[in-house]
Amino acid sequence: MVACWRYLRSSRRVLGFVFVASVIWLLLDMAALRLSIGDATSHLMAAKVIRDRELVATRKEKVTQLMDESVANQVIRDRELVGTRQEKVTQLMDESVANQDQDFDEEDEKSNPQPVKLYRLRKKGGKAGNDQQVQPKLVVNKPANLSLDHTPLLETFLVKKDSIALNRPDFKDTIIEFVKTAGNTSIQEFKEELPVKERPINQIEDVPAQGPPNTSSTKEETPIGAMLTNDSKIVHVKDSGSIKAGVHQVLSLDMTASPRDPNGVGQFGQAVVVPSEQDAQVKKRWNEGYFNVYLSEQIPVDRAIPDTRPKICASNVVHDDLPSTSVIFCFVDEVWSTLLRSVHSVLNRSPPHLLKEIILVDDFSQKAYLKDQLDKYMADLPKVRVIHLKERQGLIRARMAGAAVAEGEVLTFLDSHVECNVGWLEPLLERIYVDRGKVACPVIEVISDEDLSYKLVDNFQRGIFNWPLVFGWKALSDEYVKKNYLTAADPIRCPVMAGGLFSIDKTYFYELGAYDPGLEVWGGENMEISFKVWMCGGEIEIIPCSRVGHIFRGQNPYTFPKDRRKTVERNLARVAEVWLDEYKDLFYGHGYHHLLDSDVMDVGDLSQQVKLRERLHCKSFKWYLDNVYPELEAPLVKAEGLVFNQGLRRCLGMQDGVLFFDKCNLTHQSQHFNYTWLQQVRQQQRCLEHSFKQSSLSVEPCNRTRSAQRWLHKSSKSKLPEHLIVETGSKLACLEAAPKFRILRLAPCNADNPFQQWQFTHYHAE
Ligand code: UDP
Ligand code: MN
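Caption draft 1: Molecular detail of the coordination of the manganese ion (ligand 2). Those protein atoms acting as donors to the manganese ion (ligand 2) are D415 (OD), H417 (NE2) and H550 (NE2), and they sit at 2.1 to 2.3 Å. Donor residues for the manganese ion (ligand 2) sit on one chain with the sequence pattern D-x1-H-x132-H. Pair noted here: H417 is in the loop between β10 (410-414) and β11 (418-420) and H550 is in strand β18 (residues 539-551), with a separation of 133 residues, a long-range link. For the pair H417 and H550, a shared accessibility class is recorded, and that class is buried.

Caption draft 2: Main features of the state of the cysteines. Per the counting criterion, the structure on display carries 5 disulfides. Two residues, C734 and C749, share a disulfide whose sulfurs are 2.1 Å apart. Because the sign of the S-S torsion sets the handedness, a value of about 100° for the bond joining C734 and C749 places this disulfide among the right-handed ones. One end of the pair, C734, is in strand β27 (residues 731-738); the other, C749, is in the loop between β28 (743-747) and β29 (758-763), with 15 residues separating them in the sequence. The exposure class of C734 is buried, given its relative accessible area of 0%. Assessed through its relative accessible area of 28%, C749 is described here as partly exposed. Take C441: it sits in no disulfide, and the sulfur closest to it among the cysteines is that of C494, at 6.1 Å.

Caption draft 3: Broad picture of the sheet that holds β28. Here we have 3 strands laid out as an open sheet, ordered β26-β27-β28, and antiparallel in their pairing. Taken across any chain shown, the strands that pair with only one partner, and hence form the sheet edges, are β26 (725-728) and β28. Strand-to-strand twist across the sheet, computed as the mean angle between neighbouring axes with direction ignored, equals 25°. Bridge count for β26 against β27 is 4 bridges, and the pairing is antiparallel. Bridge pairing links V726 to A733 in β27.

Caption draft 4: The arrangement of helix α16 (residues 525-535) in detail. A large share of α16 lies buried, amounting to 11 of its 11 residues. When we look at burial in α16, the residues that qualify are E525, N526, M527, E528, I529, S530, F531, K532, V533, W534 and M535. Of the residues trailing α16, G537 is marked for its positive phi of about 105°.

Caption draft 5: Up close: the nonpolar core. Among the nonpolar cores identified, the biggest contains 75 residues, and F465, W467, F531, F587, F621 and Y624 are the most heavily contacted of them. Top contributing element to this core by residue count: helix α17 (residues 564-579), with 7 residues. Excluding anything up to four places from it in sequence, F465 contacts V470, F471, V496, M527, F531, F621, Y624, Y629 and L632.

Caption draft 6: The packing of helix α10 (residues 336-349) against helix α11 (residues 372-379), seen in detail. The geometry of α10 relative to α11 is characterised by a closest axis approach of 13 Å and an angle of 25° between their N-to-C directions. Looking at the two axes, α10 sits roughly parallel to α11. Crossing angle aside, the handedness with which α10 passes α11 is right-handed. Of the residues in α11, those touching α10 at W336, L339, L340, V343 and H344 are Q373, L374, Y377 and M378. When its residues are assigned to classes, the contact of α10 with α11 shows 7 nonpolar, 2 polar and no charged.

Caption draft 7: Region of the structure containing the packing of aromatic side chains. Applying the stated rule across the entire model yields 20 aromatic pairs. On the numbers, 5.5 Å between centres and 70° between planes, the contact of F509 with Y510 is edge-to-face. The class of Y510 is partly exposed, set by a relative accessible area of 40%. Ring plane angle 35° and centroid distance 5.8 Å describe the contact between Y558 and F560, whose orientation is recorded as tilted. No difference in accessibility class separates Y558 from F560, as the two residues are buried.

Caption draft 8: Representation of the environment of E541 within the structure. Mapped onto the secondary structure, E541 falls in strand β18. Here the alpha-carbon distance between E541 and D490, two residues 51 residues apart in the chain, equals 9.7 Å.

Conventions used here
- Residues numbered from 1 in each chain as written.
- Chains lettered and ligands numbered in written order.
- Predicted model: local features only at pLDDT ≥ 70, side-chain atom pairs only at ≥ 80, totals over all residues.
- Heavy atoms only, no water.
- Donors = N, O, S within 2.8 Å, 3.2 Å for Na, K, Ca; no water.
- Helix = DSSP H or I, 4+ residues; strand = E, 2+ residues; numbered from the N terminus.
- Buried < 20%, exposed > 50% of the residue type's maximum accessible area, 1.4 Å probe, protein only.
- Disulfide = S-S within 2.5 Å.
- Pairing = 2+ DSSP bridges.
- Axes fitted to C-alpha atoms, helices over the stretch in contact; angles between N-to-C directions.
- Core = buried A, V, L, I, M, F, W, Y, C linked by side-chain atoms within 4.5 Å.
- Contact = heavy atoms within 4.5 Å.
- Parallel < 35°, antiparallel > 145°, perpendicular 65-115°, else oblique.
- Left-handed = near helix turned anticlockwise from the far one by under 90°.
- Nonpolar A, V, L, I, M, F, W, Y, C, P; charged D, E, K, R; others polar.
- Phe/Tyr/Trp six-rings, centres within 6.5 Å; stacked < 30°, edge-to-face > 60°.

Encoded structure:
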């Protein structure tokens, strides 16, 4: 029993021990479980946070990317060929060059697809400014046959190591490519530096006329496939010529790179100081061209000039099948040496296959040397044609005469005192190739009128205008350049072009109705074509990789059949009437009020121009200002709101043609007036009119041609800025609130009389 009891006691202890142990175990287990749950949760949480952060980060990245893309949208579009795509193309070109002798394998391209951005493909024969969004297929062909199979020409492309123009390794490569393609000259032969050909300038042979290679106009459009449209119609896909186009590096051809006479006067575009003992001769000849004509005559007509392009330009690529161009020079009494230098600069620095012809339009010059002598000289240059107009047409119609006979696909207009720089042409044609609605202008560099040096101009300049349609240059701000990631080679959109130098697709030029033939002699035509291009669907760009020097003169060296000032004013008024809509008041309002007087100015018939604008469905001038030139200040009225009289301390009112004074109240429409650009004090269609003779005032329907409705106010020229002044001849009178009767009257102006001082609520312009 005792043994049994002992056994039980010890087993109770054991049991107790087991019990206590299991309780402790349970507690520990629970604690561990809690810990591990907490741990897992925190792990899960952390993972979630990380994932979320990652998500946020990628989203943010994506958003930034999208934002960047949208900000840089314009730039990307503009750079489609010279930027990203160029890299791909260069890369592919390298491959293609490496595999020179192997056929291009399309499979390679498929297996290694290149992202290509949407770009605007030029559409032949389409409506003005019609875009076609296409996904181009990048197919790199062997360099296209550029018809450079005339070895004599190649021999004249002088490759001079130390020349600025050609001191680029890529140039030789490009030429070698051409030679290979032409198959006439061995690479080894060509790598040798070629001797300079000594030839008197008037015997320079021109390149035999060559048809442009594979240009879309000469190529038959053959169906290359068929596809189904959304409504299940079969359409044939034609080879427009642009999709399959190959590309090459811009040709930096320059036949003057190793000049015949390196020590020639003004050679390499250097400044020349004429010795002071020859000052009299300089002076004597100056007025022939309003520049240093005496010095110009001593400078070789084929002088070399520095390659002023931004560095990256020489490595840009352009399409092999660019359109050909007719270069049109119009001139009246141009100086012989500058005319010749202009022509030779085109011949010497343009790829021959792209230069269809040079057309010289003599606008009825009076100088004898511009007749037979010119014809004889140009007869030795097969690409040059001279047209002598039978009567003076003026620059605008002379250009149209040139365009009418032009055979190239693109018209390139140039002034007759320019020097085209290395590689000037292809970048212009490339832009038109990309989109035939683009009008491409070179950067206009400066040839000094005094020392005839060739001067590089700053980058990022664009053509703008100020009121009253005065052309000017304005640099894009650093901020804009940075924000849009502009590089020195990117095309710059231009509200207006300078006018003298540009390339335009010939068919597009005619679709736009060419120039207004009613524009006389010179002036305003650059505004006309600029507004027309932008408002009717096109674009104007300055192409920094294309550079042409121009002699800017202080005066026009030719006569204006009518008064110069009047001719230009009339031209501008025509442009304003056709294109400016309600903004034409700003043109007249900036010093051209007198043009509105019908007895002073007859702008001629505008019906054809107005019809043209309707036919082309061109956008409004407001659209142009909002979208193309938002920087321009263009408030539609000069001032508006209440018209407060200082002396009376009341406001002017008008109801049913009756004028009165009342307590000022902005909510009363009867107290609302505009002070317009035409100097009218206006309420809707009614204007305040004076009769100077009778010294009376009345309310009349507004009429822009009536000077009796013009009141001078806040004019910077006036000594009485607060007054409302009328002017007849030399007499002045001022609008006055008669204190006693609270009526309006005209009175002799008195600077200190507060009853003659007026204030509008808002002033938008001085
Ligand atoms: N021009 C012309 N007929 C004229 C007036 C000008 O053919 O009635 C030519 C002129 O010889 C020049 C071009 O048009 O080649 C532009 O004129 P200009 O150089 O005087 O203009 P700017 O460069 O001063 O704007
Ligand atoms: Mn000029």
